[in-house]
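Letter by letter, the chains look like this.
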Amino acid sequence: MPIAQLVLKACQARENAHAPFSNFRVGAALMGGDGAIYTGCNIESSSLGLTICAERVALSKAISEGEKIFHAIAIASSTRKKCMPCGACRQMLWDLAGNIDVILIENDQPVQQIKLMDLLPQAFERSDLPE
Ligand code: THU
């Protein structure tokens, strides 16, 4: 998998972040089937709870484009330090993208690669719901 390309796309996506309230800009790049890459940035609202994270923007774009296969997501923040995905994003990624690789970035370089399952152990999921 071309990790370097995914990392670059996440860093580029961060530039589009709309984060006037936190001033914490995040970019994400999600790799789907056939090497397709879907990018996202965080988008903040004056009604703060409506804010959406970069990871869920990328995931929403991929799902809305009809993507069904997912391999990895790279995440970059403006502090240049490692940015772990929040709990809401872990759950949504688990539900829709499965046990993908999560690539964490520091100073625009990959510093850690971890399976989503290891970030969300014993996850709640669809199979827990009634038929
Ligand atoms: N944020 C993300 O976009 N992704 C994360 O993994 C953590 C948090 C955003 C949401 C909000 O715009 C800002 O970072 C501060 O929480």
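What counts and how
- Residues numbered from 1 in each chain as written.
- Predicted model: local features only at pLDDT ≥ 70, side-chain atom pairs only at ≥ 80, totals over all residues.
- Heavy atoms only, no water.
- Salt bridge = Lys/Arg side-chain N within 4 Å of Asp/Glu carboxyl O.
- Buried < 20%, exposed > 50% of the residue type's maximum accessible area, 1.4 Å probe, protein only.
- Axes fitted to C-alpha atoms, helices over the stretch in contact; angles between N-to-C directions.
- Helix = DSSP H or I, 4+ residues; strand = E, 2+ residues; numbered from the N terminus.
- Parallel < 35°, antiparallel > 145°, perpendicular 65-115°, else oblique.
- Left-handed = near helix turned anticlockwise from the far one by under 90°.
- Contact = heavy atoms within 4.5 Å.
- Nonpolar A, V, L, I, M, F, W, Y, C, P; charged D, E, K, R; others polar.
- Arc of directions from axis to C-beta.
- Near = heavy atom within 4 Å.
- Polar contact = N/O pair within 3.5 Å; in protein donor to acceptor, adjacent residues only side chain to side chain.
- Areas by Shrake-Rupley, 256 points an atom, 1.4 Å probe, with all protein chains shown as cover.
- Lys, Arg positive; Asp, Glu negative; His and termini not counted.
- Core = buried A, V, L, I, M, F, W, Y, C linked by side-chain atoms within 4.5 Å.

1. Topic: the pattern of salt bridges
Where side chains of opposite charge bring their charged atoms close, a pairing between them can arise.
Consideration 1: Following the criterion strictly, the structure yields four salt bridges and no others.
Consideration 2: Glu15 is the partner of Arg14 in a salt bridge, and the nearest nitrogen-oxygen pair spans 3.9 Å.
Consideration 3: Judged by its relative accessible area of 3%, Arg14 falls in the buried class.
Consideration 4: Connected through salt bridges with shared partners, the residues Arg14, Glu15, Arg80 and Asp108 form a single ionic network.

2. Remarks on the packing of helix α2 (residues 54-64) against helix α3 (residues 87-97)
A packed helix pair is summarised by two numbers, namely the angle formed by the two axes and the spacing between the axes.
Consideration 1: Two elements in contact, α2 and α3, have axes whose closest approach is 10 Å; the angle formed by their N-to-C orientations is 20°. In terms of axis orientation, α2 runs roughly parallel to α3. As for the relative orientation of α2 and α3, their crossing is left-handed in sense. For the pair formed by α2 and α3, the contact residues are Glu55, Arg56, Leu59 and Ile63 on the first element and Ala88, Cys89, Met92, Leu93, Leu96 and Ala97 on the second.
Consideration 2: Of the residues belonging to the contact of α2 with α3, the class tally is eight nonpolar, no polar and two charged.

3. Regarding α3
Consideration 1: Looking only at α3, the buried set comprises Cys89, Arg90, Leu93, Trp94 and Ala97. Along the axis of α3, the buried residues cluster in a sector spanning 135°; they form a single face.
Consideration 2: Looking at the packing, one finds that the buried side of α3 touches α2, β3 (70-77) and α4 (116-119).
Consideration 3: Downstream of α3 by a residue or two, Gly98 has a phi angle that is positive, lying close to 80°.

4. Notes on the site of the ligand
Consideration 1: Asn42, Glu44, Cys53, Ala54 and Glu55 are the nearest of the 13 residues found near the ligand.
Consideration 2: One nitrogen or oxygen atom from the side chain of Asn42 is found 2.9 Å from an oxygen atom belonging to the ligand.
Consideration 3: A distance of 2.9 Å separates an oxygen atom of the ligand from a polar backbone atom of Ala54.
Consideration 4: Notes on the ligand: free accessible area 380 Å², of which the protein chains cover 79%.

5. A word on the side chain of Arg90
Consideration 1: Inspection of the secondary structure puts Arg90 in helix α3.
Consideration 2: Despite being buried, Arg90 has no salt bridge partner; Glu55 is the closest side chain of opposite charge, sitting 7.8 Å away.
Consideration 3: Looking at Arg90, its side chain comes within polar contact range of the main-chain oxygen of Pro85, at 2.7 Å.
Consideration 4: For Arg90, the contacting residues outside a window of four places in its chain are Met84, Pro85, Leu116, Leu119 and Leu120.

6. Examining the nonpolar core
Consideration 1: The biggest cluster of nonpolar side chains holds 23 residues, and the ones touching the most others in it are Leu30, Ile73, Ile100 and Val102.
Consideration 2: Among the elements of the structure, β1 (26-32), α2, β3, α3, β4 (101-106) and α4 are those that each provide at least two residues to this core.
Consideration 3: Here the element with the most residues in this core is α2; it accounts for four residues.
Consideration 4: Setting aside chain neighbours within four positions, we find Ile100 in contact with Leu30, Phe70, His71, Ala72, Ile73, Leu93, Ile114, Lys115 and Leu116.
Consideration 5: One finds Val7, Ala10, Met31 and Ile103 within the second-largest nonpolar core, a separate group that totals eleven residues.

Read these as layout, nothing more, since geometry by itself doesn't imply function.
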